[in-house]
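# Analysis of the macromolecular model
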Protein chains: 2
Amino acid sequence: MSSAYEARLSCRQNRLTSTAGIAEGYIQANLLVLPARYAADFHDLCRRNPVACPLLGTTATTGDPHSIQPKGCIGSDFDIRTDFPKYRVYSRGKYRETCVDLLEKWTSGHVGFLIGCSFSFEDALTAAGLQPRHQRTKSVVAMYRSNIPLMPAGIFVDARCIVSMRPYRPEHIERVREVTRPYHSTHGEPVAWGWEGAKRIGITDIDRPDFGDPQEFLEGEVPVFWACGVTPQMAVESAGDQIDGLVFAHEPGHMLVTDWTADDLLRLRSRNL
Amino acid sequence: MSSAYEARLSCRQNRLTSTAGIAEGYIQANLLVLPARYAADFHDLCRRNPVACPLLGTTATTGDPHSIQPKGCIGSDFDIRTDFPKYRVYSRGKYRETCVDLLEKWTSGHVGFLIGCSFSFEDALTAAGLQPRHQRTKSVVAMYRSNIPLMPAGIFVDARCIVSMRPYRPEHIERVREVTRPYHSTHGEPVAWGWEGAKRIGITDIDRPDFGDPQEFLEGEVPVFWACGVTPQMAVESAGDQIDGLVFAHEPGHMLVTDWTADDLLRLRSRNL
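Residues numbered from 1 in each chain as written. Chains lettered and ligands numbered in written order. Predicted model: local features only at pLDDT ≥ 70, side-chain atom pairs only at ≥ 80, totals over all residues. Heavy atoms only, no water.

Going by what an unreviewed UniProt entry lists, chain A is known as Hydro-lyase and is assigned to Penicillium capsulatum. Annotation of chain A in UniProt includes, under Sequence similarities (unreviewed entry), the sentence "Belongs to the D-glutamate cyclase family." (UniProt positions renumbered as here; feature names shortened; annotations may be inferred.)

Structure representation (structure tokens):
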């Protein structure tokens, strides 16, 4: 049994409380599940904003929780309703509750989307001697609401890009950009950097992230920002009560362990699903 | 001989001075040609910004002007150096001259990119009874520099989205969005609309476009903005003297007539090249 499959079984049986650091080398994915009538709009949102919303796969058939396209991502034994350790439930754009499975809530009218997650490029940074600060300090990466608009798609018209931030020295930024650039399916290279860059994307107080923990800056370090996988959930919130029916997402830090490796992902690049 | 091939031959022989309205039903494409060492960065720029820079094809082999991938776009008799009626030449990010072919200037180190153009969705608007104003008044569509940032890619770090504008009545906007939405390879649905939308993307004086002609507004009409194919040229300008060697683009209004029809394009969606 692969360590990825083993991890999914543990998540399914709720024996794992977080997927951080497990099944090393395998890609983890974020989740968004919507009623089918909004699926085309959300699909367009991903296609038009591949840096903020990199699409890894979708459930092949409306209402079927057992398959994801493209194949190869997930083995034959798969259930999108149980294989994430924790789920968030939204109603009319508002967060309602967190639960450990969707068995009662999933309907024949739901469609699921798997979205790339930055864990994979963080491994690449660490391998290049550029380990992200929050990994060393065992904190949660700092995330901010930026002013970078998403290209509108259907009911998703007012969303903005959420960004994650990692501090680096200015002389390392070009290398940091190079290392993360190939990871098209997991946000790729940074969207802004430096104190001027922070101001340009509307971030004025670096010590007060909107999500996650403030990060320590060592002497001379500047912020480097990447698009962040929380963006799709914020897009759902911005669509608000235009969405009739329940929407589900993963609980941050509680992702799906896929059968893809980082190398598969480099070959995959940004998919056109 | 198809009307598309006939049109390309006319352009090659410089018997056509503009491609507006010719070979009806066939998609026209914008051009950007760069030295190979910047091709990966430009390719990434397109991949990360598919709304502003929708990629239709690239020259398959560096320095080969006779083929475009994916195949099917252009027949066997093709030369990217001659088959556009007019070309713009850039050096170190600055426009230098316009010429009718690239036979002398093209080198074995050049790579070409074909980029979607809004002509195709304009036909769809007209078919839906929503003909763009500039077509009725025989003027050039109004274009503006917006504040919408492009996601950075390699040497292209400070580019912003150029937008084209067509006036519509507010009650027609949802229909206008629906009609243009499927055209992923040619900018798709609008990026902003209404007077508030104009302000949000940094456009304060609608009567003073940065390119093209000011458009007449009838009683009650508001502006509707789409991403515009001039964006890649502006990205080259913003990269400035980081680009060593000549860059070529089509002269606005002087595009390549491809063998693709609008229907092919709908099947094509946004390509992952």
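From this point, things continue past the structure.
Here we take up the relation of the copies chain B and chain A. By a simple turn and slide, chain B fits onto chain A: the slide is 0.0 Å along the axis, the RMSD is 0.0 Å, and the turn is 180°. What the superposition gives is, in effect, a two-fold axis relating one chain to the other. Mapped onto chain A, 100% of the interface residues of chain B again fall at the interface, so both copies present the same surface. (Least-squares fit on C-alpha atoms with pLDDT ≥ 70 in both. Contact = heavy atoms within 4.5 Å.)

What the four strands build is an open sheet, ordered β7-β8-β10-β9 (chain B); its pairing is antiparallel. Strands at the two margins of the open sheet, each flanked by one partner only, are β7 (142-149) and β9 (192-193) of chain B. (Pairing = 2+ DSSP bridges. Helix = DSSP H or I, 4+ residues; strand = E, 2+ residues; numbered from the N terminus.)

Turning next to the side chain of Arg177(B). On the secondary structure map, Arg177(B) appears in helix α5 (residues 173-180). Excluding its chain neighbours within four sequence positions, the residues that come into contact with Arg177(B) are Pro152(A), Ala153(A), Gly154(A), Val157(A), Glu189(B), Pro190(B) and Trp193(B).

Moving on, we get to the packing of helix α3 (residues 119-127) of chain A against helix α5 (residues 173-180) of chain A. Residue and element names in this part refer to chain A. Where α3 meets α5, the axes come as close as 9 Å, and the angle between the chain directions of the two elements is 130°. What the angle tells us is that α3 and α5 run oblique. Helix-helix and strand crossings are classified by hand; for α3 and α5 the assignment is right-handed. Counted together, Phe121, Ala124 and Leu125 of α3 and Val176, Val179 and Thr180 of α5 form the full contact between these two elements. (Axes fitted to C-alpha atoms, helices over the stretch in contact; angles between N-to-C directions. Parallel < 35°, antiparallel > 145°, perpendicular 65-115°, else oblique. Left-handed = near helix turned anticlockwise from the far one by under 90°.)

Moving on, we come to helix α2 (residues 39-48) of chain A. Residues and elements named next belong to chain A. Burial of α2 is extensive: nine of the 10 residues sit out of reach of the surface. Along α2, the residues classified as buried are Ala39, Asp41, Phe42, His43, Asp44, Leu45, Cys46, Arg47 and Arg48. Its buried side turned inward, α2 meets β1 (26-35), β2 (55-59), β6 (110-116) and α7 (231-239). (Buried < 20%, exposed > 50% of the residue type's maximum accessible area, 1.4 Å probe, protein only.)

The subject of this paragraph is the interface of chain B and chain A. On the side of chain A, 31 residues touch chain B, which itself brings 31 residues to the contact. For the pair chain B and chain A, the two sides together bury roughly 2,500 Å², of which 54% comes from carbon and sulfur. For the pair chain B and chain A, the interface holds 12 residue pairs in polar contact (both at pLDDT 80 or more). Put simply, the parts of the chain that give the side of chain B that touches chain A at least two residues each are α2 (39-48), β7 and β8 (160-168) of chain B. Class assignment of the residues belonging to the side of chain B that touches chain A gives a composition of 13 nonpolar, six polar and 12 charged. (Buried area = accessible area lost by both parts, 1.4 Å probe. Polar contact = N/O pair within 3.5 Å; in protein donor to acceptor, adjacent residues only side chain to side chain. Nonpolar A, V, L, I, M, F, W, Y, C, P; charged D, E, K, R; others polar.)

Across all of its chains, the model carries four cavities of 30 Å³ or more by this definition. Roughly 150 Å³ of internal volume is contained in the second largest cavity. The wall of the second largest cavity is formed by 18 residues, among which Arg48(A), Asn49(A), Met151(A), Asn49(B) and Met151(B) lie closest to the centre. Broken down by secondary-structure element, the contributors of at least two residues to the lining of the second largest cavity are β7 (142-149) of chain A together with β7 of chain B. For the lining of the second largest cavity, the class distribution of residues is 14 nonpolar, two polar and two charged. (1 Å grid on protein atoms, 1.4 Å probe; cavity = no way out; pocket = protein on both sides within 12 Å on 5 of 7 lines; lining within 4 Å. Points joined across faces, edges and corners; volume = space filled by probe spheres on them.)

To continue, consider the pairing of strand β11 (residues 246-250) of chain B. All names here are of chain B. Counted residue by residue, β11 has four buried out of five residues, so it is predominantly covered. Here strand β1 (residues 26-35) runs beside β11; their pairing, made up of two bridges, is antiparallel. Each bridged residue has a counterpart across the sheet, and for Leu32 the counterpart in β11 is Ala249.

A word on the sheet that holds β7(A). Residue and element names in this part refer to chain A. The antiparallel open sheet is built from four strands, whose spatial order is β7-β8-β10-β9. With partners counted over all chains shown, the strands left at the sheet margins are β7 and β9 (192-193), one partner each. Judged from the two bridges that link them, β9 and strand β10 (residues 222-227) form a sheet pairing that is antiparallel. Its bridge partner lying in β10, Trp193 is registered against Val224.

This next bit is on the pattern of salt bridges. Within this structure, the stated rule accounts for 35 salt bridges over all chains. Put simply, Glu122(A) and Arg166(A) hold a salt bridge, and the shortest N to O gap is 2.7 Å. Residue Glu122(A) is found in helix α3, and its partner Arg166(A) is found in strand β8 (residues 160-168); the two are separated by 44 residues along the sequence. Taking relative accessible area as the criterion, Arg166(A) reaches 1% and is therefore assigned buried. The partner of Arg12(B) in a salt bridge is Asp83(B), and the shortest N-O contact between them spans 2.7 Å. Of the two residues, Arg12(B) is situated in helix α1 (residues 3-12) and Asp83(B) in the loop between β3 (68-69) and β4 (87-91); the sequence distance between them amounts to 71 residues. Taking the relative accessible area as the measure of exposure, Arg12(B) reaches 23% and is therefore partly exposed. Take Asp83(B): its relative accessible area is 0%, and that puts it in the buried class. Taken together, the shared-partner salt bridges in this structure form one network comprising Glu174(A), Arg177(A), Arg181(A) and Glu189(A). (Salt bridge = Lys/Arg side-chain N within 4 Å of Asp/Glu carboxyl O.)

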